[in-house]
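Breakdown of the fold
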Amino acid sequence: MQIIMLIDMDYFFVACEELRRPEIKDKPTIVGSDPKQGEGRGVVMTCNYPARKFGVRSGMPISQAYRIKSDAIYIPMDYDLYEKISKDVMKVVKSFADRFEQVSVDEAFIDVSKKIKSYEDSLDYAKRIKDTIKEKTGLPCTIGISTNKLMAKMACEAGKPNGIRLVREEDVKEFLNGKELDDLYGIGKKTKEKLEAMGYKTIGELAKANTMDLMERFGSFGVEIQKYANGIDESKVEENYEVKSIGREKTFEKDTADRDTVTTAIRKLSDEVIGEVKKAGLTFKAVTVKLRYGDFTEHLKSRSIRRSDDAGDLASNAVDLYLRYSDKSRPMRKIGVRVSDLTKARGQKKIGEFTS
Ligand SMILES: [Mg+2]
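Within each chain, residues carry numbers counting from 1 in the order of the written sequence. Local features in this predicted model are restricted to residues of pLDDT 70 or higher, and side-chain atom pairs are both shown and tallied only at a pLDDT of 80 or more, whereas totals for entire chains, interfaces and linings draw on every residue. Each side-chain value is derived from all of the structure's non-hydrogen atoms; neither hydrogens nor water enter the calculation.

**Here's the deal with the overall build of the protein chain**
Only DSSP runs of H or I reaching four residues or more are called helices, and only runs of E reaching two or more are called strands; each is numbered from the N terminus. Secondary structure summary: the protein chain contains 13 helices and 13 strands in total. Expressed as lengths along the three principal axes of its C-alpha atoms, the size of the protein chain is roughly 60 × 50 × 50 Å. Three labels apply to residues, based on accessible area from a 1.4 Å probe with only protein chains included: buried if under 20% of the type maximum, exposed if over 50%, partly exposed otherwise in between. Taken over 356 residues, the protein chain has a buried fraction of 50%. The contact rule is simple, with two residues in contact once any of their heavy atoms fall within 4.5 Å. A sequence separation of at least 24 residues applies to 64% of the contacts in the protein chain between residues at least 6 apart. For accessible areas, the Shrake-Rupley method is used with a probe of radius 1.4 Å. Any residue's cover is judged against the shown protein chains and nothing else. As presented, the protein chain carries roughly 18,000 Å² of accessible surface, and 47% of it is formed by carbon and sulfur atoms. For the protein chain, the distance from the average site of its 66 positive side-chain charges to the average site of its 59 negative ones is 3 Å. Think of it this way: Lys and Arg go in the positive column, Asp and Glu in the negative one, and His and the chain ends go nowhere. To locate a charge, the coordinates of NZ of Lys, CZ of Arg, CG of Asp or CD of Glu are taken.

Following this line, the structure appears as structure tokens:
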């Protein structure tokens, strides 16, 4: 029997802020871009449950959050603090794992199939993990337990906040059946609309759909989502989690077509990215710039370069991609710089710290 858990910190960035300013606890609080009296750009990174009660959600434009709840407490991101606390959390989680895979700054899968032999024991075990994280960091989390990564994630969603939720193998079908299509991992708004147009309304209906029809419409992705709809996920908890890419983005205060403003931003972002690259002891071989215009159209332009960890290499290539491929007549809303094809620099210690 395979027992997989997903440990996911609750409203992580806000929870970190609460540690150093307990007075914000239980007040609607939003970590993200500066709302600037509703004129601000950028998004909500995390909000706590009191803010969610009013309809604020992470990923929402900060201006929209401000319209909903202008008197919430707004706090700018403090990556250094969150990464520091994340390391403490992950150290605890790892100590409980047979296999450990960190998937983001505040989430990790663990395989505990060797340590735990029954579902009853898994509940006690999860409680010990949860209590230890609380004791070491002061932070709440939710733990989903099931038979594979997909179902552990779905269980975790259902258990939020501050919960432990077990979905036994024999209960997977029933658990998934009546749920909305976009509750299923891998299905976004567009796929949901397409599936609904085909007559499927719930995960249970997708599970029983005609596979050929799905393939015709979605290709191999159709087969994959039908597997998910049946609670099937064969992916393993990957012990050697590696950072796939590191990037930073900037949203301009005002859409701009000014070349100097954009190149200055690219250089600054390049420096930040290189800071992360060096901290993780990595080198990169691919450079990508993301160009988003005022009308929200977006272009990604990439190139491979000689392997490097140098800020000058990154900035010059990123600026060149921008100059070569952007439409200078159209004002830009956002610029992003990203490196990928990462490898551990020689002589450096292990990769695996989450850095993006
Ligand atoms: Mg989380």
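**Brief notes about a nonpolar patch on the surface**
Patch membership is restricted to residues that have no salt bridge and whose relative accessible area is over 30%. Joining uses 9 Å for like charges and 5 Å for the nonpolar side chains Val, Leu, Ile, Met, Phe, Trp and Tyr. Each reported salt bridge corresponds to a side-chain nitrogen of Lys or Arg within 4 Å of a carboxyl oxygen of Asp or Glu. The grouping of Val43, Met45 and Tyr79 at the surface amounts to a nonpolar patch, some 230 Å² of accessible area in total. Relative to the elements of secondary structure, Tyr79 occurs in helix 4 (residues 79–95).

**A short note on the side chain of Lys290**
Looking at the element boundaries, Lys290 is found in strand 10 (residues 282–293). At 2.6 Å, the side chain of Lys290 forms a polar contact with the side chain of Glu249. The contact partners of Lys290, leaving out residues within four places of it in the chain, are Glu249, Glu298, His299, Leu300, Lys334, Ile335 and Gly336. Throughout this description, a polar contact denotes any pair of N or O atoms lying within 3.5 Å of each other; where both atoms belong to protein, one of them has to be capable of donating a hydrogen while the other can accept it, and for residues adjacent in sequence the pair is counted only when both atoms sit in side chains.

**Re the sheet that holds strand 3 (residues 44–47)**
Overall, mixed pairing links the three strands, which are arranged 3-2-4 in an open sheet. What marks the edges here is a single partner per strand, and that holds for strand 3 and strand 4 (73–75). Across the sheet, the axes of successive neighbouring strands diverge by a mean angle of 25°, strand direction being ignored. Working convention: axes come from line fits to C-alpha atoms, limited for helices to the stretch in contact. Angles between N-to-C directions cover 0 to 180 degrees. Those strands touched by helix 1 (residues 12–20) are strand 2 (29–32), strand 3 and strand 4, and its axis lies near 65° from that of strand 3. Pairing between strands is defined by DSSP: at least two bridges between them are needed.

**Focus on the pairing of strand 7 (residues 141–146)**
Here strand 7 lies mainly inside the structure; six of its six residues are buried. Burial of the side chains of strand 7 extends over both faces: Cys141, Ile143 and Ile145 are buried on one face and Thr142, Gly144 and Ser146 on the other. Looking at chain direction, strand 1 (residues 4–9) and strand 7 are connected through six bridges and run antiparallel. The residue bridging Met5 from the neighbouring strand is Ile145, located in strand 7. For strand 7 and strand 8 (residues 164–166), the ladder comprises three bridges, and the chain directions are parallel. Residue Gly144 lies in a different strand from strand 8, and its bridge partner there is Arg165. If you view a crossover with the strands going away from you and the path from the first strand over the helix to the second runs clockwise, you call it right-handed. In the classification by handedness, the crossover that spans strand 7, the intervening helix 6 (residues 149–159) and the parallel strand 8 is left-handed.

**Some remarks on the packing of aromatic side chains**
What counts as a ring pair is set by centres within 6.5 Å for rings of Phe, Tyr and Trp (its six-membered ring), and what kind of pair is set by the plane angle: stacked under 30 degrees, edge-to-face over 60, tilted for all other angles. Evaluation of the coordinates by the stated rule reveals seven aromatic pairs. Look at Tyr11 and Tyr49: their rings are 5.9 Å apart centre to centre, the planes differ by 80°, and that puts the pair in the edge-to-face class. Here Tyr11, found in the loop between strand 1 and helix 1, pairs with Tyr49, found in helix 2 (residues 49–52); they are 38 residues apart in sequence, far enough to count as distant. You can call Tyr11 buried: its relative accessible area is 16%. Both rings, one in Phe13 and one in Tyr82, keep their centres 4.4 Å apart while their planes meet at 15°; by these two values the pair is stacked. Taken together, the residues Phe13 in helix 1 and Tyr82 in helix 4 connect sequence positions 69 residues apart. Like Tyr82, Phe13 is buried.

**Comments concerning the domain arrangement of the protein chain**
An automatic or database domain assignment provides the domain bounds reported here. Considered domain by domain, the protein chain is made up of domain 1 (4–12 + 82–172), domain 2 (13–79), domain 3 (176–229) and domain 4 (245–344). The straight-line distance from the C-alpha centre of domain 1 to that of domain 2 is 26 Å. Contacts between the two partners involve 13 residues from domain 1, matched on the other side by 18 residues from domain 2. Once two parts are put together, the accessible area they lose, assessed with a 1.4 Å probe and summed over both, is termed the buried area. Among the residues of domain 1 in contact with domain 2, Tyr11, Phe12 and Tyr82 are the three that bury the most area, contributing 65% of the side total. Counting the contacts that link domain 1 with domain 2 gives zero salt bridges. Our count for the contact surface shared by domain 1 and domain 2 stands at eight residue pairs in polar contact (both at pLDDT 80 or more).

**Topic: a negative patch on the surface**
A cluster of acidic side chains, namely Glu169, Glu170, Asp171 and Glu174, defines a negative patch on the protein surface. You can see Glu169 is positioned in the loop between strand 8 and helix 7 (172–177).

**Concerning the pattern of salt bridges**
Inspection of the entire model under this criterion finds 29 salt bridges. Between Arg168 and Glu120 there is a salt bridge; the shortest N-O distance is 3.3 Å. Here the residue Arg168 occupies a position in the loop between strand 8 and helix 7, and Glu120 occupies one in helix 5 (residues 119–137), the gap between them amounting to 48 residues. A relative accessible area of 46% means that Glu120 is categorised as partly exposed. Where Lys268 meets Glu272, a salt bridge forms, and the shortest distance between an N and an O atom there is 3.4 Å. A residue pair is termed a helical-turn pair when its members lie 3 or 4 positions apart in one helix, as Lys268 and Glu272 do in helix 12 (residues 259–279) at four residues. Connected via shared salt-bridge partners are Glu83, Arg248, Lys268, Glu272, Glu276 and Lys279.

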